[in-house]
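# Observations on chain architecture
These are the residues of each chain, in order.
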Amino acid sequence: MGPLWALRVAGALSVAGVLAGHDGSQRAGQPAALDAGTRGDGVGHDRGVDCREVRKRNSSERCRFVRGTPDCRLDGGFLDYLGGAFCTFPSSLLPLSVSLYALWLLYLFVILGVTAEKFAVVAFSDPRTAGLAVGAIFGAGIFVTTVVAGGIALVKPFAAASRPFLRDVIFYMVAVFLTFLVLYFGYITLGEALGYLGLYVFYVFTVVLCTWIHRWQRGDGPPPPGPWEPAIPTDAEEQESSGTNCGDYGEEYRPLLPYHETSLHILSTALSPLDKHKWRRKPWYWRLFKVLKVPVELVLLLTVPVVDPDKDDLNWKRPLNCLHIVTGPLLCIFTLKSGAYGLYQIQGVFPVWALVALAGSVLAIIVFVTTHNEEPPKYHCVFAFLGFLSSAMWINAAATELVNILRTLGIIFELSNTVLGLTLLAWGNSIGDTFSDLTMARQGYPRMAFSACFGGIIFNILVGVGLGCLLQMTNSQMVVKLEPDSLLVWILAGALGLSLVFSFVAVPAQCFQLGKAYGTCLILYYLVFLCVALLTEFRVIHLAAT
């Protein structure tokens, strides 16, 4: 749990870093404006011509329009997607560039799925893409509480845990109601942003307190499992089972005589993202997905140290950790401001990246000489901070590329940021939850999976909106404007609130016995919502002109 928890927190704080990273979109003394609409994408910002006008220009004028229009400039990122679509490729090959972007988008989802689970609110970093964040936060909430929760009920009918369910739904409804009020009034103050974070802290405190009270009432140890789900084995039972079944680290693969591994062998073993024993037992689709993840995992192994308190040696790999002292800082300076800091030359002669590499190499040699392979040093905890920072920078870079490519696709197809957020970004943000929860339900733990549907997404809305808006504020202006000028935003908020109210009423009405009827209703509800949202996006459903 240690490394996974660290990566999740790193993902959240990397999002916060991106939120605070753009200081050129706001003038001192003016409220920071985040547009949550569809077409305007920037109420309160006079940037002239909308970049979506490029599709209305002649093919020969599109490249010049993209290069000369301020609204077409993508903040951050390493690739110029708009320039590639309209300048690098001829107009006749625009479908090819879109296809390549779509494949790259899917792989970015894979990268972010490996490094972090939550990344949607990175779009708050730019007022022009704030609609992505609004659509993703609400869209992912609707998707998880309807499709994923309904899928769990279809896969494995079960009896829901009453008190945790009511607690999570009530907290989530309060969070949605607060966000609805913020959108209605059109701004969020410092106190309200801190209130979002305070509400999440109170939620975590409530969860811990309820868990402690429940265990105290039931006595020491976990409660006995119900007849519908198997008992969850303890750590000792898992280790014993692993040894008995000759698992990945069973007795069959252990050496008969003790020996000391060489540094080269430790390095080669630590840098191997594939486990040949697990590879033999897994199905073909798992192997295919693993092949896609191997390049990402290899790069992460090279740059992100992981301190695991569950292991006896705390995951100390002396040669690899010494390599991390060089690669980790280099990663940080090359991902900040798209490598601008790393390429900066001191006095116009010596580049910053060379100085960082030199200092890291000297420090790595000192650590390698003064430590041993068998025992981690006393300062090993410092590597946890380096891993925390490195993983945050990776998530920052990948999420920025994802937001930029989504905005590019929105400009090419003339789609709003909000509809891209509630579909592509929300679905990508929910991939991990979908597979993990459904797998957990198939293995016989539907109650646990169902609780995760409602408890996990509370973090998205409370920390995403609260911390995101908080870091947009400046000393001269403590108000962030949120101006939803489209009907689609209100449909999103209303649909999410209505789905929560439906579950809040329907689940207790069924005495918390959830089956296929409940799951079918939730999935049908999402399909109806998606049809209404798309019809609204394409102006089939619209407000009457006044």
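Given the structure is predicted, the values throughout are model-derived calculations rather than measurements.

## Points about the overall build of the protein
Across its full length, the protein holds 20 helices and 7 strands. When each of the 546 residues of the protein is scored for burial, the buried share is 46%. A separation of at least 24 residues holds for 79% of the contacts in the protein among residues at least 6 apart in sequence. Carbon and sulfur atoms form 67% of the exposed surface of the protein, whose accessible area is close to 27600 Å².

## Remarks on helix 12 (residues 318-335)
In this model, helix 12 (18 residues) spans 26 Å end to end at C-alpha, consistent with the 26 Å of a helix rising 1.5 Å per residue. The largest bend in helix 12 amounts to roughly 30° and is located at Ile 325, with the proline Pro 329 lying one to four residues further along. Among the 18 residues of helix 12, 15 are classified as buried, and the element is accordingly described as predominantly covered. Once helix 12 finishes, Lys 337 follows within two positions and takes phi at roughly 55°, a positive value.

## Things to note about the packing of helix 7 (residues 190-218) against helix 18 (residues 446-470)
For the pair helix 7 and helix 18, the least separation of the axes is 8 Å and the interaxial angle reads 155°. Relative to helix 18, the element helix 7 is oriented roughly antiparallel. Two packed elements cross with a definite hand, and for helix 7 against helix 18 that hand is left-handed. Between helix 7 and helix 18, the residues in contact are Leu 190, Ala 193, Leu 194, Tyr 196, Leu 197, Leu 199, Tyr 200 and Tyr 203 and Gly 455, Ile 458, Phe 459, Ile 461, Leu 462, Val 463, Val 465, Gly 466, Leu 467 and Leu 470, respectively. Classifying every residue of the contact of helix 7 with helix 18 by side-chain character gives 16 nonpolar, 2 polar and no charged.

## Here's the deal with the environment of Phe 454
Within the element layout of this structure, Phe 454 appears in helix 18. With relative accessibility at 2%, the residue Phe 454 sits in the buried group. Along the backbone, Phe 454 and Phe 165 are 289 residues apart, and their C-alpha atoms lie at a distance of 7.6 Å. When neighbours within four sequence positions are excluded, Phe 454 is seen to be in contact with Thr 145, Ala 149, Phe 165, Asp 168, Val 169, Leu 500 and Ser 503.

## Considerations on helix 3 (residues 81-88)
Burial analysis of helix 3 places 6 of its 8 residues in the buried class, the great majority of the element. Turning to helix 3, its buried residues are Tyr 81, Leu 82, Gly 83, Gly 84, Ala 85 and Phe 86. Looking at where helix 3 begins, the residue whose side-chain oxygen comes 3.1 Å from the main-chain nitrogen of Gly 83 is Asp 80.

## Concerning the environment of Pro 508
Mapped onto the fold, Pro 508 is located in helix 19 (residues 487-509). When the C-alpha positions of Pro 508 and Ala 160 are compared, they lie 9.4 Å apart, and in sequence the two are 348 residues distant. Non-local contacts of Pro 508, meaning those with residues more than four positions away in its chain, are made with Phe 165, Leu 166 and Ser 503.

## Description of the nonpolar core
Core analysis: the biggest nonpolar cluster contains 96 residues, and Ile 188, Phe 450, Ile 461 and Phe 529 have the highest contact counts within it. With 12 residues, helix 5 (residues 130-155) is the single largest residue contributor to this core. The residues touching Ile 461, leaving out its near neighbours within four places in the chain, are Ile 137, Phe 138, Tyr 172, Ala 175, Val 176, Thr 179, Tyr 196 and Gly 466.

## Side note on a nonpolar patch on the surface
Among the surface-exposed residues, Tyr 344, Ile 346, Val 349, Phe 350, Leu 355, Leu 358, Val 362, Leu 363 and Ile 366 lie close enough to one another that they form a single nonpolar patch of about 850 Å² accessible area. With 5 residues, the single largest contributor to the nonpolar patch is helix 14 (residues 352-370).

## Quick word on the side chain of Asp 71
Relative to the elements of secondary structure, Asp 71 occurs in the loop between helix 2 (62-68) and helix 3. Polar contacts involving the side chain of Asp 71 include one to the main-chain amide nitrogen of Cys 51, which spans 2.8 Å.

## Observations regarding the state of the cysteines
Here a disulfide denotes a covalent bond joining the sulfur atom of one cysteine to the sulfur atom of another. One pass over the structure, following the stated rule, counts 2 disulfides. Shown here is the disulfide that connects Cys 51 with Cys 72, its sulfur atoms set 2.0 Å apart. Between Cys 51 and Cys 72 the disulfide shows an S-S torsion of about 110°. By sign, it is right-handed. Placement of the pair is Cys 51 in the loop between strand 1 (32-35) and helix 2 and Cys 72 in the loop between helix 2 and helix 3, with a sequence separation of 21 residues. With a sulfur-sulfur separation of 2.1 Å, Cys 63 is cross-linked through a disulfide to Cys 87. Negative torsions about the S-S bond denote left-handed disulfides, and the value of about 110° found for Cys 63 with Cys 87 makes this one right-handed. Residue Cys 63 is located in helix 2, and its partner Cys 87 is located in helix 3; the two are separated by 24 residues in the primary sequence. On the basis of relative accessible area, Cys 87 is assigned to the partly exposed category, the value being 24%.

## Looking at the packing of aromatic side chains
In the structure shown here, the tally under the stated rule is 18 aromatic pairs. Ring geometry for Phe 171 and Phe 202: centres 5.8 Å apart, planes at 50°, overall tilted. One end of the pair, Phe 171, is in helix 6 (residues 162-185); the other, Phe 202, is in helix 7, with 31 residues separating them in the sequence. On the accessibility criterion, Phe 202 (47% relative accessible area) is partly exposed. Taking the centre distance of 5.3 Å and the plane angle of 70° together, the rings of Phe 180 and Trp 490 count as edge-to-face. Highlighted residues: Phe 180 in helix 6 and Trp 490 in helix 19, separated in sequence by 310 residues. A connected cluster of aromatic rings, assembled from ring pairs, spans Phe 158, Phe 165, Phe 450, Phe 454, Phe 502, Phe 512 and Tyr 518. Here Arg 318 stacks its cationic end above the ring of Phe 368, 3.8 Å away from the centre of that ring.

## Description of unusual backbone geometry
The phi dihedral of Asn 315 is positive, around 65°, even though this residue is not glycine. Structurally, Asn 315 can be placed in the loop between helix 11 (284-303) and helix 12. What makes Asn 315 buried here is its relative accessible area of 15%.

Cut-offs used in this document
Residues numbered from 1 in each chain as written. Predicted model: local features only at pLDDT ≥ 70, side-chain atom pairs only at ≥ 80, totals over all residues. Heavy atoms only, no water. Helix = DSSP H or I, 4+ residues; strand = E, 2+ residues; numbered from the N terminus. Buried < 20%, exposed > 50% of the residue type's maximum accessible area, 1.4 Å probe, protein only. Contact = heavy atoms within 4.5 Å. Areas by Shrake-Rupley, 256 points an atom, 1.4 Å probe, with all protein chains shown as cover. Expected span 1.5 Å × (residues − 1). Bend = angle between axes of the 7 residues up to and from the residue. Axes fitted to C-alpha atoms, helices over the stretch in contact; angles between N-to-C directions. Parallel < 35°, antiparallel > 145°, perpendicular 65-115°, else oblique. Left-handed = near helix turned anticlockwise from the far one by under 90°. Nonpolar A, V, L, I, M, F, W, Y, C, P; charged D, E, K, R; others polar. Polar contact = N/O pair within 3.5 Å; in protein donor to acceptor, adjacent residues only side chain to side chain. Core = buried A, V, L, I, M, F, W, Y, C linked by side-chain atoms within 4.5 Å. Patch = residues over 30% accessible without salt bridge, like charges linked within 9 Å, V, L, I, M, F, W, Y side chains within 5 Å. Salt bridge = Lys/Arg side-chain N within 4 Å of Asp/Glu carboxyl O. Disulfide = S-S within 2.5 Å. Phe/Tyr/Trp six-rings, centres within 6.5 Å; stacked < 30°, edge-to-face > 60°. Lys NZ or Arg CZ within 6 Å of the ring centre and 35° of its normal.

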